Structures are given as structure tokens and as C-alpha cells.
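Breakdown of the fold
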Amino acid sequence: MPRFPTATLTRLATAWRAGNSAVASTATIATKRTDIRNFSTQGSLRTNKLLSSSPVQDAEEISHIAFGFMASKSLFAALDIELFKALSGGKNITVTDLQEKHLTNVKLEKLETLCTSLCSVGLLTRDAEGKLSNPPAVESFLAKTKPSHDFGDYLRFQIDKQMYPFMQHLSQRMSGDASEMRYRNYEEWMGNEDEARLYTESQHSGSIGPAKTLAREYGDLLNECKTVLDVGGGSGGFSITLAEKIPHLNISILDFPNVCTVGEEFVKRSTVGDRVKFLPGNALETEFPDNNCAVLMSYLSSSVSGEALAPLYKKAYDVTRPGGYIFLHDFILEDSRDGPPLTALWALQHMVFTPGAVSLTPSYLSEQLVTAGWKVKTVSEVIPGMTKLVIGVKE
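A short tour of the structure in this document, coming up.

A few words now on the pairing of strand β8 (residues 320-330). Counting buried residues along β8, eight of its 11 residues qualify, which places the element largely inside the surrounding structure. Here strand β7 (residues 292-298) runs beside β8; their pairing, made up of six bridges, is parallel. Residue Met-297 lies in a different strand from β8, and its bridge partner there is Leu-328. You can see the chain leave β7, run along helix α14 (residues 309-318) and come back into β8, and the turn it takes is right-handed. With six bridges connecting them, β8 and strand β10 (residues 388-393) associate as antiparallel partners. What sits directly across from Asp-330, in β10, is Lys-388.

The following block contains the structure:
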């Protein structure tokens, strides 16, 4: 049996053990639960065998996991042909009418097969008369009826076109062989202009919701703040949202050059003017601008090696004023490392193209922050069942 790096085995084991559990409480970390109205519906997360922590009972339940990729591919195909958009606005029509009036470029028998698969996993509904319609969540988030809520492009571009192919290399990464991988790390990946544009444009919609949660729940911490550094800020989704909500903020975004080019286009289409600016560079190598009252890192901690975290947080500490904050938003597991499932699976995904990456927990990140000089203030949930926010303060 091949020998695998310990960090790699830990991520793989965590992903497969993933389930729902409570955050372990500690004396130094205050836990606060928040919701994210832009990316979740009312009530608890809907689960299936893939997202359950209970041990599998039979071959059928194993099949639910093994064949899960077929369900995701049916979702991506529906987004590509704009099927949900064609059914938007409360339409309730047969597959024949759908094909003849809206999706004429798709053959009827193929459309019927796709719609059947979507109905089988709850992405479409079919009534007793055989008429199809969008479920409420699909109408809100995938049918392009509410641009501020829609994240279909994020799924069809970033997840299907970029993340999905990366997972084909998981077994190679487990054995330490990255010879067949096109990109060995984020810097090489974002060095490709087309890949950087596709990633950055699709990620933008996925950042707006968490950014609104941050502004709503913790905007008061920035009331006296004027300068913020957003490290790895990508399209500017977080920075633009915060600058729009808090008019006195001036934010600098540090990211790879090709990413900054795309981000500047989003800033031009916003109302923030010159209050959001870009600094091309590499978070691990480029000198940070000084005199910040807050530093934001969203999805950055899971995108660098574990050994780079404490030095990265120390760089942020050194350019932050006393009393200032660091905001770490990321895929953060429970301290028990048994979930949430989506968090564990995202940690596994990041391992494929991030050499040395580790699974993140509140305790682990808190330890890295304290090593860098920060005092941990709070840990809270942002995207339910997926991401958390860890806040540190410089005393």
C-alpha cells in the first residue's frame, strides 16, 4: 500500500466521516450562529445519504454516494441549457411545450431524460398532469429571476468547469504524484488569463452573500475604520459589498495580477468609485500596505499550506493598528472533525491543487492566530453547514 502524507490522510478521513455536529465550546472562543439569507432557504439544511454522518447500512446507500456525480452533472447540464430560466416566472408546462416553445435546440427525448433525472433529485417538480415547474429554491437561486441571489453561474462555471476536473487528480495527489496536473498551485492556475477570468467572474456571485452577512453582523466593528486590507480578495465581492454598506471605508485588495484585472471591471460597475483599489501580487510574498484597521482573508487560509498560516497572519498583524481586527472567512470544520459534510468535502477539494493545505478547525486557526500575536474574539457560522468566520483582535 502506498504511503500517504499525514495531512492528506487527515483530510480524506475527515471528508468521509463528515456529518452534522455541534461546535465544541472553549473558554476562549465565543460561538455565535448566524444565517445567510442569500444562499439558504428557511429551515434546516436538506440532507441525503451523502450529507449524513450515520454509517451506511447497505449497498443502496453506498450507491447514493458513488453515483452522486450524476446528479451534479444533471444540474450543471440544466444550467448550461438554461432550463430553469425557461421554467421561471411560475410556468407549469409539459416537457413537450418546454422543448417546442423554449428549448428548441434540445431534442425532446434528451430533454425528457434530463428532466426526469432532475425531478428524481428534487430540482424540478412534475404534477399529476405531467407538467414541470421550478421548486421555490430553484426559482430563487438558479433561474436568474433575482440576480442578487442567483449563483447558477458560480455552479456551472467554477464548480463544473474548474473544480470538477481537478477532482480527477485526487488519487494522484494522495500518492504524491502531481505530474499529470496542469496546475500545481493557485499561482500557476491564476497565471492563466482565461482560467483566472473564469474563476474570478464565477466566484463573484458566491462572495456577495457571505459579504452581506459580514456587513450585517459585524459592520459595527468597522464603524471607526477607514482602511481595510482584503488579502486574496479576488473579484472584490467582499470589498465592494462592505464599501457600499459602510461609506467611509477605503479598501485595498491584494491578489494575483490576472485576478486584479477582472476585479477592476467589477469595481467600475459598482458605486464605490476609487474607494476600492487593487494591488497585484502574491499574498505570501508581496509586502502588505501598512496602517490598516482591519484585514480580511476570505477563502485564503484553505488555499495556502498549513505552515504558511502563522507567518501570513503575522504579516497581517504587523500592518494592523492596535485595536484592529482580522477576519478569517473559510471552510472551517467543527473541532471534532466530523463535519459539516460540505466543509469537509471542500477541504478535500482544496487539497488537490494546494500543496501542503490542511483541514481548518476553529481551534487550529485560533492557535495560528495566537502564535501570530492576535487574540481570538469570536467564531461564527456564515454559510450554514459550509463556512465559518473567525475574528481576531490586535490588543
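This is not the end of the story, as more comes after the structure.
This next bit is on the environment of Ile-251. Mapped onto the fold, Ile-251 is located in strand β5 (residues 250-255). Between the alpha carbons of Ile-251 and Val-276 there is a distance of 4.8 Å; along the sequence they are 25 residues apart. Excluding anything up to four places from it in sequence, Ile-251 contacts Val-228, Asp-230, Ser-239, Leu-242, Ala-243, Arg-275, Val-276 and Lys-277.

The next point concerns helix α8 (residues 152-166). Because an α-helix completes one turn every 3.6 residues, residues spaced three or four positions apart along the sequence face the same direction. The first and last C-alpha atoms of α8 sit 20 Å apart over 15 residues, in line with the 21 Å expected at 1.5 Å per residue. The largest bend in α8 amounts to roughly 40° and is located at Ile-159. Among all positions in α8, only Gly-152, Tyr-154, Leu-155, Arg-156, Gln-158, Ile-159, Asp-160, Gln-162, Met-163 and Phe-166 are buried. Among the structural elements, α3 (68-80), α7 (136-141), α9 (170-174), α10 (186-190), α11 (193-218) and α15 (341-353) are those in contact with the buried residues of α8.

Once that is clear, we can look at the pattern of salt bridges. In total, this model carries 14 salt bridges according to the counting rule given. Between Asp-80 and Arg-156 there is a salt bridge, with the nearest N and O atoms lying 3.1 Å from each other. Here Arg-156 lies in helix α8 and Asp-80 lies in helix α3, a separation of 76 residues in the sequence. We classify Asp-80 as partly exposed; its relative accessible area is 34%. A relative accessible area of 17% means that Arg-156 is categorised as buried. The salt bridge involving Glu-395 is made with Lys-375; its shortest N-O contact spans 3.5 Å. One end of the pair, Glu-395, is in the segment after β10; the other, Lys-375, is in strand β9 (residues 375-381), and 20 residues separate them in sequence.

About the thresholds
- Residues numbered from 1 in each chain as written.
- Predicted model: local features only at pLDDT ≥ 70, side-chain atom pairs only at ≥ 80, totals over all residues.
- Heavy atoms only, no water.
- Buried < 20%, exposed > 50% of the residue type's maximum accessible area, 1.4 Å probe, protein only.
- Helix = DSSP H or I, 4+ residues; strand = E, 2+ residues; numbered from the N terminus.
- Pairing = 2+ DSSP bridges.
- Right-handed = clockwise from strand over helix to strand, strands pointing away.
- Contact = heavy atoms within 4.5 Å.
- Expected span 1.5 Å × (residues − 1).
- Bend = angle between axes of the 7 residues up to and from the residue.
- Salt bridge = Lys/Arg side-chain N within 4 Å of Asp/Glu carboxyl O.

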